[in-house]
Amino acid sequence: MATHPTGEVDLLVVGGGINGVGIARDAAGRGLATLLVERDDLASATSQWSTKLIHGGLRYLEHYEFRLVAESLAEREVLIAQAPHLIEALSFVLPHEPHLRPAWMIRAGLLLYDRIGGRMSLPRSFSVDLERSRWGAGLKPKFRKGFVYADARVDDARLVVLTAVAARERGAEVRTRTRFTGAVRERGAWRATLRDAAGTREVRAKAIVNVAGPWVAEVLDTVPHLPTGASVRHVKGSHIVVPRVHEEAHAYILQNADKRIVFVIPWQDRYTLIGTTDVPVDDYEKPAISPQETDYLLELANAYLAKPLSRADVVWSFSGVRPLYDDGKSDPSSITRDYVLKTDAGEGGRDAPVLSIYGGKLTTYRKLAEAALQALRPWFPAMKPAWTQGDTLPGGDLPQRDRDAWVAELARRYPRLPEDVVRGIGRRHGTRALEVLGDAKTASDLGADYGAGLTEREVDHFVRNEWAASAEDVLWRRTKCGLRMDERQRAAVAARMGA
Ligand SMILES: Cc1cc2nc3c(=O)[nH]c(=O)nc-3n(C[C@H](O)[C@H](O)[C@H](O)COP(=O)(O)OP(=O)(O)OC[C@H]3O[C@@H](n4cnc5c(N)ncnc54)[C@H](O)[C@@H]3O)c2cc1C
């Protein structure tokens, strides 16, 4: 393969998960020439396999992670304001199990959770009678008392893609299907090698940010003379999806005798998402749920739900790997979920830096990006200050930040378009739905109808504006329409994408 030089950038970001795109967006907005490379599709790894919560993490209080919880709760407010089309408030019910955690402990935890992040727009926690209210929907009658608190739910893969769009709009270059294969220091900068379908290219970069998630150590291993990134622990978390287990809008947080908790979350209108597990793994290339994990989740759900679930109810499952910083703890649930940044700038600490990111949550990605740029400031002293706190993600400038009202407004503006198409596009694109729908008047103006609310017009938008290159990119990341389609419908999308 030929090798072509492709010029010079300030920052080369390796990895197009939430943390990579967050850093690229922030860096570009501060005036740094930024190139992000992702070996597969955006959000093709951990960032699409999360529990999909923008949350403080109530259970982290038990591990004394006060800094992380406070920052996450404050970020919950910021992110809801930036992307109200992708993030929405969700109530969680914790059924009381006195032998697992006493009521005073839960009340104290919730009191802290309500306050530790500062002023909040979401409602504060309260106690409920599960027996005589909608808050006990779907539960066994033996659960009488519970606690309700608020958190938020997110479309994780779209958060990544729209943050990448924001990065591009600020001047970053985003290249998917482009793998970083190594780099050497040369005259105070990096000479990095990138590989894509067209061949191998080289780029000079003043700094590299290694945000390759589970592969953070592998990326370091491709760079000579660096300490290896041995300090990462890979912990698999799996989810199952079943038909909706109750008709109310709230989620459950269920406690298990092993002290772990599992969420039961209404998802994609007609389903319930149940997860997650915590299993240390050595093989993290293509994580998949094991039968034991499925049974663990079903068993715990069945300890609470009135109508038992079985393996036959599982319509989909997925697993992701948390790239956690190894803080020496043996219990996978208690390893810190906080992010850790490590900079290597050669002997004497003055050469071109590589900054590696470990751990983190979707919820803290914007703060992580700020911390990353702060760590790089010595190499870019003229860089502009932090700016993303007051920004809005593409399509997030909804009137009154009200997604349902926006979808209703779209339905008024496009009265002859199918309702599920308008709703899907309104939720996925926010105000940019107007760019997708344009002057369409009737269903036939939207081209082929693939089912589940997906049309050719939107697929074209994904290809033109959101780096979609395969059916999987469209069906499982830009949308979750794949879940509601049959084989024939999915094949039609694959044919459109040339796969
Ligand atoms: C089961 C589970 C549930 C979770 N639930 C939540 C939740 O509810 N809320 C929350 O806030 N957080 C949650 N998290 C945490 C959150 O999902 C992760 O912290 C976050 O997604 C990590 O993002 P990342 O960008 O660091 O890594 P990734 O998303 O894994 O991205 C890394 C990217 O780097 C790319 N890459 C690797 N090597 C190369 C290379 N050589 N060249 C180019 N690209 C490369 C990969 O293809 C990948 O796309 C959860 C995590 C898991 C596993």
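Residues numbered from 1 in each chain as written. Predicted model: local features only at pLDDT ≥ 70, side-chain atom pairs only at ≥ 80, totals over all residues.

On to the nonpolar core, then. Counting residues in hydrophobic clusters, the biggest one holds 122 residues, and the most contacted among them are Leu12, Val14, Ala24, Ile208 and Val209. If you tally residues by element for this core, the top one is helix H4 (residues 156–169), at nine residues. Leaving out residues up to four positions away in the same chain, Ile208 has contacts with Leu12, Val14, Ala183, Trp190, Ala192 and Val354. (Core = buried A, V, L, I, M, F, W, Y, C linked by C-beta atoms within 7 Å. Buried ≥ 20, exposed ≤ 12 C-beta atoms within 10 Å, placed from the backbone. Helix = DSSP H or I, 4+ residues; strand = E, 2+ residues; numbered from the N terminus. Contact = placed C-beta atoms within 7 Å.)

Okay, the environment of Lys145 next. One can find Lys145 in strand S6 (residues 145–154). Lys145 gets classed as partly exposed once you count the C-beta atoms within 10 Å, which come to 16. Between the alpha carbons of Lys145 and Ala70 there is a distance of 27 Å; along the sequence they are 75 residues apart. Once residues within four sequence positions are removed from consideration, Lys145 is found in contact with His96, Ser127, Asp129 and Leu130.

Next up on the list: the domain arrangement of the protein chain. For the protein chain, the assigned domains are domain 1 (3–46 + 158–229 + 337–390), domain 2 (87–152 + 233–330) and domain 3 (399–496). Using only C-alpha atoms to locate each centre, domain 1 and domain 3 end up separated by 31 Å. The interface of domain 1 with domain 3 comprises nine residues on the first partner and eight residues on the second. By residue number, the principal contributor to the side of domain 1 that touches domain 3 is H4, which donates three residues. Split into classes, the residues belonging to the side of domain 1 that touches domain 3 amount to five nonpolar, one polar and three charged. (Domains from an automatic or database assignment. Nonpolar A, V, L, I, M, F, W, Y, C, P; charged D, E, K, R; others polar.)

Positionally, Arg144 belongs in the loop between strand S5 (126–129) and S6. Using a count of 14 C-beta atoms within 10 Å as the deciding quantity, one classes Arg144 as partly exposed. It is 8.5 Å that separates the C-alpha atoms of Arg144 and Val128, two residues lying 16 residues apart in sequence. Ignoring any residue separated from it by four or fewer positions in sequence, one finds Arg144 in contact with Asp129, Leu130 and Glu131.

Let us now look at the packing of helix H1 (residues 18–29) against H4. Between H1 and H4, the shortest axis-to-axis distance is 8 Å and the interhelical angle comes to 20°. In this view, H1 runs roughly parallel relative to H4, as classed from their interaxial angle. For H1 against H4, the interelement crossing comes out left-handed. Residues Ile18, Val21, Gly22, Ala24, Arg25 and Ala28 of H1 lie in contact with H4, whose contacting residues are Leu159, Val160, Thr163, Ala164, Ala166 and Ala167. When its residues are assigned to classes, the contact of H1 with H4 shows nine nonpolar, two polar and one charged. (Axes fitted to C-alpha atoms, helices over the stretch in contact; angles between N-to-C directions. Parallel < 35°, antiparallel > 145°, perpendicular 65-115°, else oblique. Left-handed = near helix turned anticlockwise from the far one by under 90°.)

Attention now moves to the confidence of the model for the protein chain. The predicted coordinates should not be examined in detail at positions where pLDDT is low. For the protein chain, the average pLDDT comes to 95, and 98% of its residues sit at 70 or higher. Within the model, pLDDT remains below 50 along residues 1–5, and this stretch shows eight contacts once partners closer than five positions in the same chain are excluded. (pLDDT = per-residue confidence, 0-100.)

Moving on, we come to the site of the ligand. Around the ligand there are 38 residues in total, and Gly15, Gly17, Gly213, Gly237 and Lys361 lie nearest to it. For the shell around the ligand, the secondary-structure elements that each account for two or more residues are H1, strand S8 (179–186) and strand S16 (316–325). In terms of residue class, the shell around the ligand is built from 14 nonpolar, 17 polar and seven charged. Here the shell around the ligand spans two domains, and each of domain 1 (3–46 + 158–229 + 337–390) and domain 2 (87–152 + 233–330) adds at least three residues to it. (Near = placed C-beta within 6 Å.)

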